[in-house]
Amino acid sequence: MKKLEICLSPELVHLYDFNNKNIVIVDIFRASSTMIVALANGVTSITPFKNLGECREMSKKGYIIAGERNGLTAEGFELGNSPLAFLEKKYATKKIAMTTTNGTVAIQLAKGKAKNILLGAFPNLKATADFLSAMSEDVIILCAGWKGKFNLEDSLYAGALTKELKGNFKIECDTAIALESLYDTHSKDIKGFLSQASHTKRLQNQNIEADIDFCLSLNIYDLVGILRENEFFGEKN
Ligand SMILES: O=C(O)[C@H](CS(=O)(=O)O)OP(=O)(O)O
């Protein structure tokens with residue numbers, strides 16, 4: 001039977017073997033959520049960058065550039081990291097180049113080794129679970145965390161995805177067992193539980209509570225975000 005594991009932080013990646021596995025990158029506040037919202041609202045593709053300078057250069061090639069550091073739009077960038085910017089299809093048919101504090105760092109770590117790299121987000125939780133269940137490869141959920149540290153929101157999503165995948169995967173990973181239980185305990189009030197999270201407080205200080213709410217919307221989109229070559233595309237199962 002296929003195996004499911006969870007890696008709690010980019011700092012722990014060296015403990016896992018990503019070869020030929022399906023990797024789900026999770027950055028609930030906000031990078032992976034924002035990318036799913038963008039793809040669901042018609043963006044053609046999203047190219048992730050670790051580095052601000054490289055990402056900025058992409059505007060010369062006609063890309064819309066989205067750059068964020070410590071929650072704020074980076075200087076000279078058209079967009080930051082808000083999912084709300086992509087609603088109403090304003091950027092439909094555009095190619096986006098994007099760099100964020102944690103999410104695009106985690107993506108970089110998984111590139112080149114995995115079978116597939118997917119974006120994990122609550123708005124398309126079920127679509128991602130269905131995709132992974134239909135594939136024969138093992139899965140690793142990689143939480144982007146915050147600057148190398150564990151965070152609550154990515155962990156809660158990892159628990160939610162574990163719950164969805166349980167019947168189709170062998171789960172011998174203690175982290176997955178713990179996080180599924182955490183999700184079960186708090187699934188009826190995810191927002192209330194996450195109000196204690198450090199990331200929630202950090203973003204609230206920047207008056208972006210609406211972003212937090214939107215990132216916690218459950219199953220409103222039925223596409224997966226998947227990396228093809230160097231770009232994420234939205235694909236229906
Ligand atoms: O923009 C965000 O939500 C965060 C900023 S920070 O981690 O609070 O500095 O970046 P992300 O890469 O989406 O975690």
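Residues numbered from 1 in each chain as written. Predicted model: local features only at pLDDT ≥ 70, side-chain atom pairs only at ≥ 80, totals over all residues. Heavy atoms only, no water.

A. Molecular detail of the packing of aromatic side chains. All told, the structure shown has 2 aromatic pairs when counted by the stated rule. Where Phe-122 meets Tyr-157, the ring centres are 5.3 Å apart and the plane angle is 80 degrees; that geometry is what we call edge-to-face. In this pair, Phe-122 is assigned in the loop between strand 7 (116–120) and helix 4 (125–134) and Tyr-157 in helix 5 (residues 152–165), connecting sequence segments 35 residues apart. For the pair Phe-122 and Tyr-157, a shared accessibility class is recorded, and that class is buried. Geometry around Trp-146 places Arg-202 over its ring, the cationic atom sitting 3.8 Å from the centre. (Phe/Tyr/Trp six-rings, centres within 6.5 Å; stacked < 30°, edge-to-face > 60°. Helix = DSSP H or I, 4+ residues; strand = E, 2+ residues; numbered from the N terminus. Buried < 20%, exposed > 50% of the residue type's maximum accessible area, 1.4 Å probe, protein only. Lys NZ or Arg CZ within 6 Å of the ring centre and 35° of its normal.)

B. Structural detail: the packing of helix 4 against helix 5. Between helix 4 and helix 5, the shortest axis-to-axis distance is 10 Å and the interhelical angle comes to 50 degrees. One finds that helix 4 runs oblique with respect to helix 5. The handedness of the crossing between helix 4 and helix 5 comes out as right-handed. Here Leu-125, Thr-128, Ala-129, Leu-132 and Ser-133 of helix 4 come into contact with helix 5, specifically with Tyr-157, Ala-160, Leu-161, Glu-164 and Leu-165. In the contact of helix 4 with helix 5, the residues fall into 7 nonpolar, 2 polar and 1 charged. (Axes fitted to C-alpha atoms, helices over the stretch in contact; angles between N-to-C directions. Parallel < 35°, antiparallel > 145°, perpendicular 65-115°, else oblique. Left-handed = near helix turned anticlockwise from the far one by under 90°. Contact = heavy atoms within 4.5 Å. Nonpolar A, V, L, I, M, F, W, Y, C, P; charged D, E, K, R; others polar.)

C. Representation of helix 1 (residues 31–40) in the model. Burial analysis of helix 1 places 9 of its 10 residues in the buried class, the great majority of the element. By the burial criterion, the buried members of helix 1 are Ala-31, Ser-32, Ser-33, Thr-34, Met-35, Ile-36, Val-37, Ala-38 and Leu-39. Remark: Gly-42 follows helix 1 within two positions and exhibits a positive phi of approximately 95 degrees.

All we've got here are geometric facts, nothing functional implied.
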